[in-house]
Every structure is written in structure tokens, then in C-alpha cells.
Amino acid sequence: MTEPAEVKVREVLPGFHLIYLPLPMRPTIVNVYLVDGGSEWGLIDTGMYTAESVKAFRSALDVAGCPPEKIRKIICTHHHPDHFGTSRPYQELCHAEVFLHPLELARVASFRAQARSPETVRFFERNGIPIESFAKVPSLGEFWRNMYAPAQPDHPLADRDRIAIGERTLEAVWTPGHSPGHCVMYFRSEKVAVVGDHLLPKITPHVGIVSDDDGDPLGDFLASLRKVGELDVETVLPAHGPVYHDHRKRVTQLIEFHDYRMQVMLDIVRGRPRTAYDVALEAFDLTPQSPLQQQFPATFETLAHLEQMRLQGRTEKFEVDDRVLWRPKTAH
Ligand SMILES: [Zn+2]
Ligand SMILES: [Zn+2]
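No experiment lies behind these values; they were computed from the predicted model shown.

Chemist: Break down unusual backbone geometry for me, with residues and values.
Modeler: Keep in mind that most residues, glycine aside, have a negative phi and that most peptide bonds are trans. In this model, Arg26 is joined to Pro27 through a cis peptide bond whose omega is -15 degrees. Along the chain, Pro27 turns up in the loop between β2 (16-22) and β3 (29-36). The backbone of Asp321 sits at a positive phi, close to 50 degrees, despite the residue not being glycine. In this fold, Asp321 is placed in the loop between β13 (315-320) and β14 (323-328). Look at Asp321 and you get exposed, because its relative accessible area is 70%.

As C-alpha cells, then:
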């Protein structure tokens, strides 16, 4: 049997179907996974809520031989629009139960259509982002308004929860960092890990601080990498990029990458105290004329690295004229 050319679905392991869904921005594809458990099927992540993505998903179900009502459980790795964006339409289509970590549910609200709050604007300003930039970049809610249809989850996910998909068992492994309630979906018997955005083969996921309440996401991310490194895994099914095998090698690479990036940022603030925005421009090779869609996330990532080093006792921050400046921590 030949598949229609436009349908992108592939059985990557017996019973594990990778569906490639289009995204209207980079990365241009998100992989979601359809798991055949015999008496029922499960879906891990949903893609973004666009007409092209929904069409691709429906065609893929036909090719995989899975009528929508066979999908009884929709389990999402995290709340981002490319993962959780079509959860409500598919919850309705399949009459399936939706699973999401409660810390992710709290974040869904930040994607509701709304203007940026005064606290957010003040946070950006204090960290050095030039005020004239704000108006040119829409808030999350404004940007995602039409591409995000989040479900009200039926079940909160917790670390090490076991969920049956027919005869198979999925274990949720809480991996905060890229987002606070991100979970890797681990199939212990099959030695398969569906890793969401946590352990991507080609790119590093965004790990950033966007408010004063964000804690230490880079520290969390590094700990979550080590946690996944301890699992017995033969096949890694990522949300972006190709299926791969040596997950421990990738864990090591990502830890080294962030260690190096922290060192670069420490060297930058050694010259003179700087705001996170100034450090970001230099560390990421940007200028104030670079696209704001690069300058903003670079600043948030920089903050995550500076904060992790502060907790390690390598940096400290202080305020001058309502600006937060960073410098190396020296013995006083
Ligand atoms: Zn994500
Ligand atoms: Zn993603």
C-alpha cells in the first residue's frame, strides 16, 4: 500500500507512530506520537491549532488505521502551543481524557489573548530591554490568539504517574526547565522515551526567566537532564528533529553547552557590570538592530544563566537607577 505523498506518518517502532505536523514558524515541524496499545490508543502532544495541522493530523490517523474514537488518552509534555495547542479540539473529537502537569496549566493563562501587564513591562525594563522595543513585539496572548485552543485537562500529571494505554504503560517523568511542568513520557518495558522539548537531537530548547517568580529554570533543566540520563532508554522520540538512540551522549552535550555558555557570560560581566540585555547582545552576537524576536528570548536565556551562576556563588546582582546589573561575585 502506498501512502498519499502529503501524509507524513511513520511507524518508527512497532506500535509507535510518528506524525509530522506543520508549524507556521521555526522549527517548522513538531512530531507528535500515536501509541497503539491494542484495545485503545494514546496521543502524546497535539501540534498547533492551524487548519493545515488539523488536516495533516486527520489524514495521518487514516493512514495509521486509527479512528479518532480509538484515542482514549491525550497526554501532553507541556503547555506550549506546538504541543498543547489543539488539545481542546482533539479532546472533543476523540472524547479522550487529557493529561497535563498542573504547573503547565498555570502557564496556559499567559497565552490568553491579553496585552502585556505593567509588571511584565517593568521586569523587561529593569533588565535593560529598551522601552521602545516593547510596543513592536506582541504579547504572547496577542500573538497566539488564533493558534492555541487549550483543553481543560481531565487529570493532573505528577512525577512517576503510570498511565495505561491499553496493554502498554507510560510513566510520566517530571522534567522542569524548558517549562516548569514539562514531563518526559517513558515506556519502561519498550525502553522508549518521548522527550517533548527536553532532549532534542539538534537544537537546545529555550530555558529562560521571564518574571521575578521564575526561580532557577536552568538549574532545574540541568537536574532534569541528569534525571533522564538515569533512565534505561534505547529509543528517543523527540518533538523536533529525528528519532535517535544515545540519550546519555546528548545529555552530556547539553550540560557542557550550558556550562560553556555560563562561562562566556561570566567573562562578559567581568569587564564591567551589565544588564542581562547587554550581556545577551554580546553572548548571542546580536545588536539592538537584530530582530526583537531574537533579542527578547536571548535576554530571558541570559537571565537564566546569570541566576544559575548566582546560586553557584559565581555572580551577584545589584540595582542602580532601577536597573538590575550583574557582576562576578568576589570574596568580600
Ligand atoms: Zn516547548
Ligand atoms: Zn516544541
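Following the structure, the description resumes.
Chemist: Now, about the nonpolar core: what can you tell me, with residues and values included?
Modeler: If you look at the biggest cluster of nonpolar residues, it comprises 47 residues, and the most contacted ones within it are Leu199, Leu225 and Phe296. When contributions to this core are tallied by element, the ones reaching two or more residues are α5 (118-126), β10 (183-187), β11 (192-196), α8 (217-229), α9 (247-271), α10 (276-283), α11 (292-311) and β14. When residues no more than four places from it in sequence are discounted, the contact partners of Phe296 are Phe124, Ile129, Ser133, Phe134 and Val137. Counting residues in each nonpolar core, the second largest holds 32 residues, with Val32, Trp41, Phe57 and Trp144 among its members.

Chemist: So, α11: which residues are in play, and what are the values?
Modeler: If you check α11, its first and last C-alpha atoms are 29 Å apart, about what 20 residues at 1.5 Å a residue would give, namely 28 Å. Across the 20 residues of α11, 15 count as buried, placing the element largely inside the fold. Once α11 ends, the next one or two residues include Gly313, with phi positive near 80 degrees.

Chemist: Please set out the coordination of the zinc ion (ligand 1) residue by residue, giving values where relevant.
Modeler: The protein atoms that coordinate the zinc ion (ligand 1) are His78 (NE2), His80 (ND1), His178 (NE2) and Asp197 (OD), at distances of 2.1 to 2.2 Å. Donor residues for the zinc ion (ligand 1), ordered by position in the chain, follow H-x1-H-x97-H-x18-D. The metal-metal distance between the zinc ion (ligand 1) and the zinc ion (ligand 2) comes to 3.7 Å, with Asp197 coordinating both. You can see His80 sitting in the loop between β5 (71-75) and α2 (81-84) and its partner His178 sitting in the loop between β9 (168-174) and β10, a full 98 residues away along the chain.

Chemist: Lay out the coordination of the zinc ion (ligand 2) with the relevant residues and their values.
Modeler: Coordination of the zinc ion (ligand 2) by the protein is provided by Asp82 (OD), His83 (NE2), Asp197 (OD), Asp197 (OD) and His240 (NE2), with metal-donor distances spanning 2.1 to 2.7 Å. For the zinc ion (ligand 2), all donor residues lie on one chain, and their spacing in sequence is D-H-x113-D-x42-H.

Chemist: Lay out the pairing of strand β1 (residues 9-13) with the relevant residues and their values.
Modeler: Bridge analysis of β1 against β2 gives four bridges, and the strand direction is antiparallel. Counterpart to Leu13 in the pairing with β2 is Phe16. Taken together, β1 and the strand that follows it, β2, pair antiparallel across an intervening segment of two residues, in which Gly15 is found at a positive phi of about 85 degrees.

Chemist: Any chance you could break down the sheet that holds β10 for me, citing the residues and the numbers?
Modeler: Reading across the sheet, the five strands line up as β8-β9-β10-β11-β12 and stay open at both edges, with mixed pairing between neighbours. Two strands bound the open sheet, and with one partner strand each, they are β8 (162-165) and β12 (235-238). For this sheet, the mean inter-axis angle between neighbouring strands, taken without regard to orientation, is 25 degrees. Relative to β10, β9 runs antiparallel, the two sharing four bridges. If you follow Glu171 over to β10, its bridge partner there is Tyr186.

Chemist: Tell me about the packing of α10 against α11, and name the residues and values.
Modeler: A packed helix pair is summarised by two numbers, namely the angle formed by the two axes and the spacing between the axes. One can describe the packing of α10 onto α11 by two numbers: an axis separation of 8 Å at closest approach and a directional angle of 105 degrees. With respect to α11, the element α10 is oriented roughly perpendicular. Residues Ala276, Tyr277, Val279, Ala280 and Leu281 of α10 pack against Gln295, Ala298, Thr299, Thr302, Leu303 and Leu306 of α11.

Chemist: So what's going on with the side chain of Ser53? Residues and values would help.
Modeler: Tracing the sequence through the fold places Ser53 in helix α1 (residues 51-64). Those residues in contact with Ser53 that sit more than four places away from it in its chain are Leu21, Pro22, Gly47, Met48 and Tyr90.

Chemist: Give me the lowdown on the confidence of the model for the chain, citing residues and values where you can.
Modeler: Chain-level pLDDT for the chain is 94 on average; 97% of the residues reach the 70-or-more range. With pLDDT under 50 throughout, residues 1-5 is counted as low confidence; its partners more than four residues away or in other chains account for three contacts.

Chemist: Break down the pattern of salt bridges for me, with residues and values.
Modeler: For the structure on display, the rule yields 17 salt bridges. Two residues, Arg126 and Asp322, come together in a salt bridge whose shortest N-O distance is 3.8 Å. One end of the pair, Arg126, is in helix α5; the other, Asp322, is in the loop between β13 and β14, with 196 residues separating them in the sequence. According to the relative accessible area criterion, Arg126 is buried, its value standing at 13%. You can call Asp322 partly exposed: its relative accessible area is 37%. Among the salt bridges present, the one from Glu234 reaches Lys191, with a minimum N-O distance of 4.0 Å. Taken as a pair, Glu234 in the loop between α8 and β12 and Lys191 in the loop between β10 and β11 lie far apart in primary sequence, 43 residues in all. You can call Glu234 partly exposed: its relative accessible area is 48%. Accessibility expressed as a relative area gives 26% for Lys191, which makes it partly exposed.

What counts and how
- Residues numbered from 1 in each chain as written.
- Chains lettered and ligands numbered in written order.
- Predicted model: local features only at pLDDT ≥ 70, side-chain atom pairs only at ≥ 80, totals over all residues.
- Heavy atoms only, no water.
- Helix = DSSP H or I, 4+ residues; strand = E, 2+ residues; numbered from the N terminus.
- Buried < 20%, exposed > 50% of the residue type's maximum accessible area, 1.4 Å probe, protein only.
- Core = buried A, V, L, I, M, F, W, Y, C linked by side-chain atoms within 4.5 Å.
- Contact = heavy atoms within 4.5 Å.
- Expected span 1.5 Å × (residues − 1).
- Donors = N, O, S within 2.8 Å, 3.2 Å for Na, K, Ca; no water.
- Pairing = 2+ DSSP bridges.
- Axes fitted to C-alpha atoms, helices over the stretch in contact; angles between N-to-C directions.
- Parallel < 35°, antiparallel > 145°, perpendicular 65-115°, else oblique.
- pLDDT = per-residue confidence, 0-100.
- Salt bridge = Lys/Arg side-chain N within 4 Å of Asp/Glu carboxyl O.

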